[in-house]
Amino acid sequence: MPDTIPEPPAGRPRRSLTADPARFAREVLEPVRAIVGERGLLTDRDAMQPMMVAWRDSWEGRVPLVVMPASTEELAAVVVVCARTGTPIVPQGGNTGLTGASQPHGDDTEIVISTRRMNRIRAIDLDNDTITVDAGVVLQTIQEAARAQGRLFPLSLGAEGSCQIGGNLSTNAGGVQALRYGTARALVAGLEVVLPDGRVWDGLRGLRKDNAGYDLKQLFIGAEGTLGIITAATLKLLPLPTALATAVVSHRVV
Ligand SMILES: Cc1cc2nc3c(=O)[nH]c(=O)nc-3n(C[C@H](O)[C@H](O)[C@H](O)COP(=O)(O)OP(=O)(O)OC[C@H]3O[C@@H](n4cnc5c(N)ncnc54)[C@H](O)[C@@H]3O)c2cc1C
């Protein structure tokens, strides 16, 4: 495991956002503050620190700003500010990914947009067996909400108590039941995504027999935030198994 985050491919040179603090404050920080309010941002290095590191790695990111929008509208407006000013964004969910992808570089060249305050279960539709949630809802919360209605949301992995559904979908997480139920990709009926220019792509529907054109939502699943920020998802629920049994199967190669 490298102890620094690999450099991105050559392209536009990275520019420290704090090289000109007055400009950063004028063009980015204050417009963002006007959108999300004081509760929706962090600029204190100590307060941001847990979002700069992953527990398994030795590298540490550094950004001048973490933004925590409370709604899709706020997140989209923040992305508009970033697009207008050419400010790179690292989306972050529960920061459990362990690959470095959810951590920023260590040189103040990006800001983090965290979905941690977007944690609302929007709706459960028991006729259609779907649940619609904000991207920042913790996976275990979704499992428990489904179970309370006699349904199963089968995505399950070690980080389920802190990872968020937006991160699960962006990494197309597999988890311990992937062979039975498929990876995260197989459990999504619809998505809502904020595109890189701040427009909201509304693909949030629960229609199961949706055979109209391209399945655009699948582009965003597993894309790790490169094509947009997932802000909500409609997820498929399954019948809760009435019995569980555990078996150990061994296989000897001769
Ligand atoms: C103990 C443990 C066990 C695990 N087991 C498994 C396993 O069995 N199977 C498996 O597949 N994975 C596993 N993982 C990794 C797993 O994929 C991640 O932990 C989880 O899915 C990431 O969710 P997160 O909210 O923490 O995302 P983060 O780590 O915050 O982000 C992951 C990536 O998604 C991007 N991202 C986050 N939120 C959004 C969003 N809303 N929109 C767009 N991009 C976004 C980030 O920029 C980053 O690139 C495990 C991790 C741990 C710590």
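Here, every reference points to the structure presented above.
Now for a look at the structure at hand. (Residues numbered from 1 in each chain as written. Predicted model: local features only at pLDDT ≥ 70, side-chain atom pairs only at ≥ 80, totals over all residues. Heavy atoms only, no water.)

Backbone hydrogen bonds are what pair the strands of a sheet, in a parallel or an antiparallel way. One open sheet holds the 4 strands; their spatial order is β1-β2-β4-β3, and the pairing between them is mixed. Of all the strands in the sheet, the pair left with one neighbour each is β1 (41-42) and β3 (89-92). In this sheet, strand β4 (residues 111-114) lies alongside strand β2 (residues 66-67) in parallel orientation, the contact comprising 2 bridges. Residue pairing in the sheet places Val67 in a bridge with Ile113 of β4. On top of the sheet, helix α3 (residues 72-85) reaches β2, β3 and β4; it is set at about 165 degrees to β4, its chief contact. (Pairing = 2+ DSSP bridges. Helix = DSSP H or I, 4+ residues; strand = E, 2+ residues; numbered from the N terminus. Contact = heavy atoms within 4.5 Å. Axes fitted to C-alpha atoms, helices over the stretch in contact; angles between N-to-C directions.)

We now examine the side chain of Asn168. With respect to the element layout, Asn168 can be found in helix α5 (residues 165-170). A relative accessible area of 3% means that Asn168 is categorised as buried. Once residues lying within four places of it in the same chain are set aside, the contact partners of Asn168 are Leu139, Leu155, Cys163, Ala173 and Ala184. (Buried < 20%, exposed > 50% of the residue type's maximum accessible area, 1.4 Å probe, protein only.)

So, on to the site of the ligand. For the ligand, the set of nearby residues contains 30 residues, the closest of which are Pro91, Gly93, Gly94, Thr96 and Gly174. At 3.5 Å, a side-chain N or O of Glu224 approaches an oxygen atom of the ligand. Burial of the ligand by the protein chains amounts to 84% of its free accessible area of 980 Å². Secondary-structure elements contributing two or more residues to the shell around the ligand are β3, α5 and β10 (229-236). Looking at the shell around the ligand, the element that brings in the most residues is α5, giving 4 residues. Considered class by class, the residues forming the shell around the ligand number 10 nonpolar, 19 polar and 1 charged. Shared between two domains, the shell around the ligand takes at least three residues from each, and those domains are domain 1 (21-114) and domain 2 (121-239). (Near = heavy atom within 4 Å. Polar contact = N/O pair within 3.5 Å; in protein donor to acceptor, adjacent residues only side chain to side chain. Areas by Shrake-Rupley, 256 points an atom, 1.4 Å probe, with all protein chains shown as cover. Nonpolar A, V, L, I, M, F, W, Y, C, P; charged D, E, K, R; others polar. Domains from an automatic or database assignment.)

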